[in-house]
Protein chains: 2
Amino acid sequence: MLARRRGTTMLLYDFPESGNCFKVKLLFAHLGLDYERRDVDPFDVVQKRELLGGLNPVRRLPTLVLDDGRPLAESNAILFYFAEGTEYLPADRYERAQVVQWLCFEEFSHQPYLATARLWAMGGDPPSAEERAMRMRGGEMALKAMGRHLERRRFLVGERYSIADIALYAYTQFADESGFELDGHPAVKAWLERVAAQPGHVPLAGLRGDADARVP
Amino acid sequence: MLARRRGTTMLLYDFPESGNCFKVKLLFAHLGLDYERRDVDPFDVVQKRELLGGLNPVRRLPTLVLDDGRPLAESNAILFYFAEGTEYLPADRYERAQVVQWLCFEEFSHQPYLATARLWAMGGDPPSAEERAMRMRGGEMALKAMGRHLERRRFLVGERYSIADIALYAYTQFADESGFELDGHPAVKAWLERVAAQPGHVPLAGLRGDADARVP
């Protein structure tokens, strides 16, 4: 990786397999934003404290350093910052609040279940039967809520692709391989296909490495 | 309760003991906004489906119906909607994103632990020892993250009271009675006192009933 040119290029502390990091990189690809990446092991507490300690009180990924050196954390907050004033965040106040509504839904009612189930599917420490059942139940409820909403809609807010869709796509795209049955949620499945068909969409694998950090 | 005058007054589906509902009512009190309340039992799935089904895909409280009949859900999204353009949400783009950062932190890294521990303390179904340990550990980490940030700051963002403080105050105010030891987090404790000392602050008990729904 190139040395960071302080004050000129953003630096993203990244874990290439992370859905939360994917959100940010997908929006950056849509917006054609240039940035540098630094891989961080999300399970290495010492490395996280050293690298992220002064930037993010929670020391989670992604953590971003803006080109002026100021830090910003929480994937959905980074989405919000860069989407303001672009087509990816509605200019209408009510629709903007609806986007925030879905970002909050993603944080509280979706990610704790679908991201955790994905971690287990990827070989993370297996949970107790009780915890697995709780997480799978929560994930099913989240997919049902999305399905109810998407039954008569093309996108989550205002019938246009926005950061609400990017945020929810991040872990919903892996629902099947995380142990959920998307066939039972046809409206969600159709929405996933609409998101993946957006101009400029890049799959997670395409956003993994340095060579792809700047997507043309 | 007065009958709802459709198209004139907002309607808040409320659970008076809820920290999430408290957030909204506290901001409404600060802003001097008029609204009607309707109590909903958060544990009554049938009632929630009937009352909230067409308004909020997740059927959680609070759910708000705006004065023009449009619904808005997720406490932090409701805060965001009403704070825009007021002193409770910074006009600066970076600070606004920092507020969203703390709203996301509250949803993912704070509320699942502190709100759940409070529910148990209030007599909710007791969890397994494993789950209780997991939730208490997560709550401690959230309080530590807040403490690190607040050590050299008066408020969470921009040294001014904002909806980030309202959102985090909601469940942090009950940390002690939920089994956490705030004495171990002196910066958080001092911040709680600063929030409670804000002009126009109303404690949860003061926002409970119809008589207090409109706070002068």
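Keep in mind it's a predicted model, so treat the numbers as computed, not measured.

Cut-off values and rules
Residues numbered from 1 in each chain as written. Chains lettered and ligands numbered in written order. Predicted model: local features only at pLDDT ≥ 70, side-chain atom pairs only at ≥ 80, totals over all residues. Heavy atoms only, no water. Contact = heavy atoms within 4.5 Å. Buried area = accessible area lost by both parts, 1.4 Å probe. Salt bridge = Lys/Arg side-chain N within 4 Å of Asp/Glu carboxyl O. Helix = DSSP H or I, 4+ residues; strand = E, 2+ residues; numbered from the N terminus. Least-squares fit on C-alpha atoms with pLDDT ≥ 70 in both. Axes fitted to C-alpha atoms, helices over the stretch in contact; angles between N-to-C directions. Parallel < 35°, antiparallel > 145°, perpendicular 65-115°, else oblique. Nonpolar A, V, L, I, M, F, W, Y, C, P; charged D, E, K, R; others polar. Domains from an automatic or database assignment. Polar contact = N/O pair within 3.5 Å; in protein donor to acceptor, adjacent residues only side chain to side chain. Phe/Tyr/Trp six-rings, centres within 6.5 Å; stacked < 30°, edge-to-face > 60°. Lys NZ or Arg CZ within 6 Å of the ring centre and 35° of its normal. Core = buried A, V, L, I, M, F, W, Y, C linked by side-chain atoms within 4.5 Å. Buried < 20%, exposed > 50% of the residue type's maximum accessible area, 1.4 Å probe, protein only.

What to know about the interface of chain B and chain A
Thought 1: The interface of chain B with chain A comprises 38 residues on the first partner and 38 residues on the second.
Thought 2: Both sides of the chain B and chain A interface together cover about 3,600 Å² of buried area, and 60% of this is carbon and sulfur.
Thought 3: The largest per-residue losses of area from chain B upon contact with chain A belong to Pro57, Tyr94 and Phe108 of chain B, which jointly make up 19% of the total buried on that side.
Thought 4: At the boundary of chain B and chain A, one finds two salt bridges.
Thought 5: For Arg96 of chain B, the salt bridge identified is with Glu84 of chain A, shortest N-O distance 2.8 Å.
Thought 6: Within the residue set of the side of chain B that touches chain A, elements represented by two or more residues are β4 (71-73), α3 (75-83), α4 (93-121) and α5 (129-150) of chain B.
Thought 7: In terms of residue count, the dominant contributor to the side of chain B that touches chain A is α4 of chain B (15 residues).

Observations regarding the relation of the copies chain B and chain A
Thought 1: Structural alignment of chain B on chain A gives an RMSD of 0.0 Å, achieved by rotating through 180° and translating 0.0 Å along the axis. Here the transformation between the copies is reduced to the relation of a two-fold axis.
Thought 2: Taken as a fraction of all interface residues of chain B, those also at the interface in chain A reach 100%, which identifies the copy contact as same-surface.

Considering the packing of α4 of chain B against helix α6 (residues 163-172) of chain B
Residues and elements named next belong to chain B.
Thought 1: Following both chains from N to C, one finds α4 and α6 inclined at 10°, their axes separated by 9 Å at the closest point. Relative to α6, the element α4 lies roughly parallel. Along its contact with α4, which presents Val99, Trp102, Leu103, Phe105, Glu106, His110, Gln111, Leu114, Ala115 and Arg118, the element α6 presents Ile163, Ala164, Ala167, Leu168, Tyr171 and Thr172.
Thought 2: When its residues are assigned to classes, the contact of α4 with α6 shows eleven nonpolar, three polar and two charged.

Section: the domain arrangement of chain A
Residues and elements named next belong to chain A.
Thought 1: Domain parsing of chain A yields domain 1 (10-83) and domain 2 (93-196).
Thought 2: The C-alpha centroid of domain 2 is placed 21 Å from the C-alpha centroid of domain 1.
Thought 3: Counting from both sides, the interface comprises 16 residues of domain 1 and, opposite them, 17 residues of domain 2.
Thought 4: Looking only at domain 1, the three residues that lose the most surface to domain 2 are Lys23, Asn76 and Phe80, adding up to 33% of its buried area.
Thought 5: Applying the counting criterion to the domain 1 and domain 2 interface returns two salt bridges.
Thought 6: Between Lys23 and Glu106 there is a salt bridge; the shortest N-O distance is 3.0 Å.
Thought 7: Where domain 1 meets domain 2, there are ten residue pairs in polar contact (both at pLDDT 80 or more).

A look at the packing of aromatic side chains
Thought 1: Counted by the stated rule, this structure contains 19 aromatic pairs over all chains.
Thought 2: An aromatic cluster of at least three residues, connected via ring pairs, comprises Phe28, Tyr35, Tyr81 and Phe82 of chain A together with Tyr94 of chain B.
Thought 3: Here Arg118 of chain A stacks its cationic end above the ring of Phe174 of chain A, 4.0 Å away from the centre of that ring.
Thought 4: Taking the ring centre of Tyr94 of chain A as reference, the NZ or CZ of Arg70 of chain B above it sits at 4.0 Å.

Section: the nonpolar core
Side chains of a nonpolar character, in soluble globular proteins, are inclined to be buried together.
Thought 1: Counting 128 residues, the largest nonpolar core has Phe82, Ile163 and Trp191 of chain A together with Phe82, Ile163 and Trp191 of chain B as its most contacted members.
Thought 2: The element best represented in this core is helix α4 (residues 93-121) of chain A, accounting for twelve residues.
Thought 3: If we ignore the near neighbours within four places in the chain, the residues touching Ile163 of chain A are Leu27, Leu79, Phe80, Ala83, Tyr88, Leu89, Val99 and Leu103 of chain A.

Regarding the pattern of salt bridges
Thought 1: Here the structure, examined in full by the defined rule, presents 22 salt bridges over all chains.
Thought 2: A salt bridge links Glu17 of chain A to Arg118 of chain A; the nearest nitrogen and oxygen atoms lie 3.8 Å apart. You can see Glu17 of chain A sitting in the loop between β1 (10-14) and α1 (19-31) and its partner Arg118 of chain A sitting in helix α4, a full 101 residues away along the chain.
Thought 3: For Glu17 of chain A, a relative accessible area of 23% gives the class partly exposed.
Thought 4: On the basis of relative accessibility, which here comes to 7%, the residue Arg118 of chain A falls in the buried class.
Thought 5: Note that Asp14 of chain B and Arg37 of chain B form a salt bridge whose closest N and O atoms lie 2.5 Å from each other. Of this pair, Asp14 of chain B sits in strand β1 (residues 10-14) while Arg37 of chain B sits in strand β2 (residues 35-39), placing them 23 residues apart in sequence.
Thought 6: Note on Arg37 of chain B: relative accessible area 4%, which makes it buried.
Thought 7: Within this structure, Asp14, Lys25, Arg37 and Asp39 of chain A form a network of salt bridges that share partners.

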